[in-house]
Amino acid sequence: MKEDINLYSPMEPIPLAKKLKAEMKKRKKRKGYHVFGNGTERKMFLTYRRRGLKVGAEPILKAKMREHDGGTLIEGTMRQGKAMPFFLFWNGFVGLFFLFSLTLWFVDDAPIMFNLIFSGIPAVMLAIGLTAAYKTRNDPPEDPGTPQEILDFLAETVDARPL
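Residues numbered from 1 in each chain as written. Predicted model: local features only at pLDDT ≥ 70, side-chain atom pairs only at ≥ 80, totals over all residues. Heavy atoms only, no water.

**A short note on the overall build of the protein**
The condition is simple: Numbered from the N terminus, helices here are DSSP runs of H or I no shorter than four residues, and strands are runs of E no shorter than two. Only C-alpha atoms enter the radius of gyration; for comparison, a globular chain is expected to reach 2.2 Å times N to the power 0.38, where N is the number of residues. The contact criterion used is simple: two residues touch if any of their non-hydrogen atoms lie within 4.5 Å. We count Lys and Arg on the positive side and Asp and Glu on the negative side, and we leave His and both chain ends out. Charged groups are reduced to one reference atom each: NZ for lysine, CZ for arginine, CG for aspartic acid, CD for glutamic acid.
Within the protein one finds 4 helices and 6 strands. The order of α-helices and β-strands along the protein, N terminus first, is β-α-β-β-β-β-α-α-α-β. Relative to a compact globule of 163 residues, whose C-alpha radius of gyration would be 15 Å, the protein shows 22 Å and is clearly more extended. Excluding contacts between residues fewer than 6 apart, the proportion of contacts in the protein whose partners are at least 24 apart in sequence is 61%. Distance between charge centroids for the protein: 5 Å, based on 25 positive and 18 negative side chains.

Okay, structure coming up:
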């Protein structure tokens, strides 16, 4: 789900960027879910998640900022991610290594311990990835938040309102 966002803040771009940067610095050591990100006076990237936890399902705002009527116009896209693409990538990538290791059992005259280790590690990684994908599909991860969390953060921090 991608959604276009147009917000207006009465602050000019440089003071707005400085205020957001100061707020991000304060939030750096916070635990739990919160809005954080980076950017300049022209670009902005904000997400709502726990620091260090990337599930892929968190809301993300990518925007450009420009001066407009004595304030700042924030134009960008907001999207709510999904966790499944990561698992598809993981299992596809590890699956290729596993298939390659299985072919070595038949075409190479390597010692059995080498073949066991060489095919065992990707097999375990593949099993972990498939289990995680299955659990994520049946039990979605804890609530990753909504795009509204980011919009609320911008409204209270820099008084950004829909245009």
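**Remarks on the side chain of N115**
Let me state the cut-off plainly: Exposure classes here rest on a 1.4 Å probe applied to the protein chains alone. A residue is buried below 20% of its type maximum, exposed above 50%, and partly exposed in between.
With respect to the secondary-structure elements, N115 resides in helix α3 (residues 112-138). Of the residues examined, N115 reaches a relative accessible area of 4% and is grouped as buried. Other than its neighbours up to four places away in sequence, N115 contacts L104, W105, A110 and G120.

**Structural notes on the sheet that holds strand β3 (residues 43-50)**
Using the following cut-off: A pair of strands is considered paired only if DSSP assigns at least 2 bridges between the two. Think of each axis as a best-fit line through the C-alpha atoms, taken over the contacting stretch in the case of a helix, with angles from 0 to 180 degrees between the N-to-C directions.
On the basis of which strands lie adjacent, the open sheet formed by 6 strands has the order β2-β3-β4-β5-β1-β6 and antiparallel pairing. Edge positions in the sheet fall to β2 (33-39) and β6 (161-162), since each of these pairs with one other strand and no more. Across the sheet, helix α1 (residues 13-27) touches β1 (2-9), β2, β3, β4 (59-68) and β5 (71-80), and the angle it forms with β2 is around 135°.

**Focus on unusual backbone geometry**
With a phi close to 50°, D69 is a non-glycine residue in the positive phi region. Looking at the secondary structure, you find D69 in the loop between β4 and β5. The phi torsion at D159 lies on the positive side, around 55°, for a residue other than glycine. As for its placement among the helices and strands, D159 is situated in the loop between α4 (147-158) and β6.

**Focus on helix α2 (residues 84-107)**
The cut-off we apply is this: Helices are assigned an expected span. That span is 1.5 Å times one less than the residue count.
Taking 1.5 Å as the rise per residue, α2 with 24 residues should run 34 Å; its terminal C-alpha atoms sit 35 Å apart, in good agreement. For α2, every residue scored as buried is listed here: F87, N91, V94, G95, S101 and L104. The elements touched by buried residues of α2 are α3.

**Examining a positive patch on the surface**
Quick reminder of the rule: A patch consists of residues whose relative accessible area exceeds 30% and which take part in no salt bridge; residues with like charges are grouped when within 9 Å of each other, and nonpolar side chains (Val, Leu, Ile, Met, Phe, Trp, Tyr) when within 5 Å. The protein chains shown are the only cover counted for residues, whose accessible areas, like all others here, come from Shrake-Rupley with a 1.4 Å probe. A side-chain nitrogen of Lys or Arg and a carboxyl oxygen of Asp or Glu constitute a salt bridge if their distance falls within 4 Å.
A grouping of K21, K25, K28, K29 and R51 is seen on the molecular surface, where their side chains present a positively charged patch. As for its placement among the helices and strands, K29 is situated in the loop between α1 and β2.

**Focus on the packing of aromatic side chains**
Spelled out, the test is: Aromatic contacts are taken between Phe, Tyr and Trp rings whose centres are within 6.5 Å, Trp giving its six-membered ring; a plane angle under 30 degrees counts as stacked, one over 60 as edge-to-face, and the others as tilted.
Tallied over the entire structure, the rule returns 5 aromatic pairs. When the ring of F100 is compared with that of F118, the centres are 6.2 Å apart and the planes differ by 70°; the resulting orientation is edge-to-face. Here F100 is found in helix α2, whereas its partner F118 is found in helix α3, with 18 residues between them in sequence. Residue F118 is classed as partly exposed on the basis of its relative accessible area, which comes to 31%. When the ring of F114 is compared with that of F118, the centres are 5.4 Å apart and the planes differ by 10°; the resulting orientation is stacked. In this pair, F114 and F118 both sit in helix α3, 4 residues apart, roughly one turn of the helix. Within the aromatic cluster, the residues linked to one another by ring pairs are F89, F93 and F97.

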